[in-house]
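Tertiary structure, described
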Amino acid sequence: MSDAQATEGKRARRFKAMLWSIVVIAVGSMTLPLAGYLYTAAVQAQEQAAGDAANPRSEYWREVRGGMAGYTAVVGQETDVLIQSRGQVWREIRGGPVATLGAILVLGVILAVLTFHFTKGGAKLEHRTGKKVLRWSALDRVLHWYNATLFIILAITGMSMLWGRAVLIPVLGKEGFAAYAAFAKPVHDYLALFFAVGLIVIVLKWFKRNIWASYDKEWLKNLGGSFNGTHPPAGFANAGEKLYFWALVITGTGIVVSGFYMLFPNLGFTREAMQNANVIHGISSLVIIAFACGHIYLGTAGTEGALEGMWTGEVDEGWAKQHHGLWLEEVKKQGAAPAREGDASGTSATASA
Amino acid sequence: MKTSTVKLTVCVAATLVALAGCYGPVFPTVYEPGEYKGASDPLLKTHATAESKQALQQRFTTSQTDR
Amino acid sequence: MARMKFLCDSERCIECNGCVTACKNEHEVPWGVNRRRVVTLDDGVPGERSISVACMHCTDAPCAAVCPVDCFYTTDDGIVLHDKDLCIGCGYCFYACPFGAPQYPQKEAFGVRGKMDKCTFCAGGPEGKDNSEEERHKYGRNRIAEGKLPLCAEMCSTKALLAGDGDMVADIYRERVLKRSGRPQTWGWDTAYQEKS
């Protein structure tokens with residue numbers, strides 16, 4: 001082979017290589033961008049296969065069960081929701097823990113009060129001086145008995161809604177109880193408004209007397225001296241009364257707010273809101289009813305000389321010294337004639353109210 | 001008050017408290033949508049075998065398709 | 001004893017609201033009360049389904065469980081009925097019902113609702129005499145006493161809504177499912193097939 005031939009062959013090969021490179025680059029530059037499509041198509045095919053394997057309806061009905069709203073031609077409260085399963089939760093909670101624990105709580109407090117009364121016995125008035133001190137102004141007394149009357153009516157009608165079926169139907173019969181309930185329900189509904197107003201006034205008016213003081217801890221430590229016979233310090237209101245007041249503030253707020261939700265179906269609250277309101281209403285009411293049972297006992301048979309204060313407005317000086325020593329001292333400091341002038345904390349509270 | 005009356009009153013009150021406990025379940029099972037809280041299903045194990053899985057898959061592809 | 005049940009075939013329901021109208025007309029229900037309604041899910045998108053719903057006459061009826069005056073009762077046919085003479089309109093059955101079946105003629109302040117009204121499965125109420133004027137006024141027609149089934153199902157143009165003995169309704173539906181070889185619209189599919197989408 002000659003030199004010329006060799007160079008000729010080399011050139012031909014180079015040309016061939018160049019040609020092929022150009023072809024490869026051209027084809028590659030045209031096809032490579034399409035790989036993106038290829039990839040997405042493959043992924044889509046894969047997804048399709050996976051999607052086919054599962055029932056697309058399986059989650060559909062689960063969502064419906066969870067309260068998914070649709071469309072309906074019927075106008076009304078939540079008519080577009082096919083299934084609202086919170087009602088079952090409400091049913092279980094109201095008929096279970098609320099009714100059961102509530103009954104145990106209220107009856108338990110009554111049992112505790114009875115046991116205490118018959119074993120230890122209430123606080124006797126140690127020394128009746130015959131001198132009177134003004135404790136409750138006429139307005140205070142009116143407010144107290146106004147709220148007390150409404151509270152008892154509302155408590156009885158409310159508890160008959162919760163336990164009437166178990167307790168009263170066996171006694172009155174279905175017709176008898178329905179006749180009573182048909183009367184009790186509107187009574188409960190309308191008196192609720194008056195009670196709410198009275199509650200707000202009473203909370204505002206007696207707010208100052210019930211602010212926690214440092215010496216209240218000692219009262220609580222001794223349980224008011226009910227068991228050890230001591231006379232722990234107490235101002236106008238002792239720690240127990242203050243506890244009752246604050247319980248009334250907290251549960252009262254719960255009762256009034258939740259009651260509002262149930263009282264006005266015309267405002268279009270959802271069923272869930274009304275279910276929650278009913279549970280809050282029940283719990284708050286039962287707690288404060290339990291408190292009230294203790295309060296009624298301690299204000300009547302449990303403490304000699306206490307009821308006359310709320311009835312006539314005046315308490316015996318001996319009683320005041322025994323149960324509200326700090327308050328009596330303050331009253332005596334305020335003026336020489338405390339009997340008719342009213343007490344200091346009482347007037348200041350009136351001014352604030 | 002007579003001691004017997006006292007005892008009777010306290011006994012009746014105690015009985016009522018005890019009876020109140022029978023009213024309803026204190027800790028009911030509260031079900032939420034899409035949440036299974038029942039007993040475990042013994043049939044689930046049988047589905048784990050390759051055979052039954054294949055059978056189910058076959059039935060699925062032959063009839064259970066979205067129309 | 002038969003247990004009366006409703007079943008709405010969502011593959012067939014065309015949302016014509018014929019059942020709603022038939023019910024209203026048959027029972028002369030008060031204004032604002034609809035014992036039956038049609039709910040359309042995913043309205044206007046693929047996979048749309050319509051279902052006619054009323055009182056489902058539950059075996060363990062929540063309304064009956066929470067009623068403070070215990071006015072609900074279940075008939076021998078498994079129909080859940082209520083006594084309007086006892087009802088105090090407290091609204092508890094409406095809170096408890098998952099289907100929104102209990103309805104009230106009034107909805108005013110201070111909880112004024114009037115006596116609850118709901119689907120009776122065309123079986124009237126507790127009145128002694130069937131189809132008496134009083135019963136018709138309070139609960140509507142008593143078709144069951146006449147040996148007829150609820151009018152909503154009888155009137156259904158596509159036979160989507162089935163009513164009657166639960167066993168027979170189930171048989172009809174099962175036959176349909178097999179014939180159209182569609183997947184049963186049941187829950188627990190993922191559990192049985194152990195496939196997740």
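As shown above, the structure is provided for reference.
My aim in this report is to walk through the structure given alongside it, one point at a time. These figures come from a predicted structure and were not determined experimentally.

1. Considering the side chain of Glu127(C)
- With respect to the helices, strands and loops of the structure, Glu127(C) is situated in the loop between α3 (92-96) and α4 (133-139).
- Accessibility expressed as a relative area gives 11% for Glu127(C), which makes it buried.

2. A look at the pattern of salt bridges
- All told, the structure shown has 29 salt bridges over all chains when counted by the stated rule.
- For Glu317(A), the salt bridge is made with Lys131(A), and the minimal N-O distance between the two is 4.0 Å. On the criterion of sequence distance, the pair formed by Glu317(A) in helix α11 (residues 317-323) and Lys131(A) in the loop between α4 (86-119) and β2 (132-134) is long-range, its members being 186 residues apart.
- Classification of Glu317(A) by relative accessible area gives buried; the value is 13%.
- For Asp171(C), the salt bridge is made with Arg174(C), and the minimal N-O distance between the two is 2.8 Å. Taken as a pair, Asp171(C) and Arg174(C) lie in helix α6 (residues 166-179) at a separation of three residues, close to a single helical turn.
- What makes Arg174(C) partly exposed here is its relative accessible area of 48%.

3. Quick notes on the interface of chain C and chain A
- Listed by partner, the interface residues are 57 residues for chain C and 54 residues for chain A.
- Regarding the contact of chain C and chain A, the summed buried area is about 5100 Å², with carbon and sulfur atoms giving 59% of it.
- Where chain C touches chain A, the interface holds three salt bridges.
- When the shortest N-O distance is used, the salt bridge between Asp70(C) and Lys174(A) registers 3.8 Å.
- Run the count over chain C and chain A and you get 17 residue pairs in polar contact (both at pLDDT 80 or more).

4. Points about the interface of chain B and chain A
- With 24 residues of chain B at the interface, the matching set in chain A holds 28 residues.
- Taken together, the two surfaces of chain B and chain A that pack against each other cover about 2000 Å², and 78% of this comes from carbon and sulfur.
- Where chain B touches chain A, the interface holds two residue pairs in polar contact (both at pLDDT 80 or more).
- Only α1 (3-20) and α3 (50-63) of chain B provide two or more residues apiece to the side of chain B that touches chain A.
- Broken down by element, the side of chain B that touches chain A gets its largest block of residues, eight residues, from α1(B).
- Per-class residue counts for the side of chain B that touches chain A are 16 nonpolar, six polar and two charged.

5. Details of unusual backbone geometry
All names here are of chain C.
- A positive phi angle is found at Phe-121, which is not glycine, with a value near 60°.
- Among the structural elements, Phe-121 can be located in the loop between α3 and α4.
- Judged by its relative accessible area of 0%, Phe-121 is buried.
- The residue Cys-122 is not glycine, and still its phi comes out positive at about 55°.
- Looking at where Cys-122 falls in the secondary structure, it is placed in the loop between α3 and α4.

6. Some remarks on the sheet that holds strand β1 (residues 71-72) of chain A
- Ordered in space as β1(A)-β2(C)-β3(C), the three strands form an open sheet in which the pairing is antiparallel. Looking at the sheet topology across the chains shown, the edges are occupied by β1 of chain A together with β3 (49-53) of chain C.
- Examined bridge by bridge, β1(A) and strand β2 (residues 37-41) of chain C share two bridges and lie antiparallel to one another. Paired with Thr72(A) across the two strands is Val39(C), which belongs to β2(C).

7. Brief notes about the pairing of β3(C)
Residue and element names in this part refer to chain C.
- Counted residue by residue, β3 has five buried out of five residues, so it is predominantly covered.
- Going residue by residue along β3, you find Arg-49, Ile-51 and Val-53 tucked away on one face and Ser-50 and Ser-52 tucked away on the opposite face as well.
- Note that β2 and β3 share five bridges and pair antiparallel. Across the sheet, the residue bridging to Val-38 is Ser-52, located in β3.

Rules and cut-offs
- Residues numbered from 1 in each chain as written.
- Chains lettered and ligands numbered in written order.
- Predicted model: local features only at pLDDT ≥ 70, side-chain atom pairs only at ≥ 80, totals over all residues.
- Heavy atoms only, no water.
- Helix = DSSP H or I, 4+ residues; strand = E, 2+ residues; numbered from the N terminus.
- Buried < 20%, exposed > 50% of the residue type's maximum accessible area, 1.4 Å probe, protein only.
- Salt bridge = Lys/Arg side-chain N within 4 Å of Asp/Glu carboxyl O.
- Contact = heavy atoms within 4.5 Å.
- Buried area = accessible area lost by both parts, 1.4 Å probe.
- Polar contact = N/O pair within 3.5 Å; in protein donor to acceptor, adjacent residues only side chain to side chain.
- Nonpolar A, V, L, I, M, F, W, Y, C, P; charged D, E, K, R; others polar.
- Pairing = 2+ DSSP bridges.

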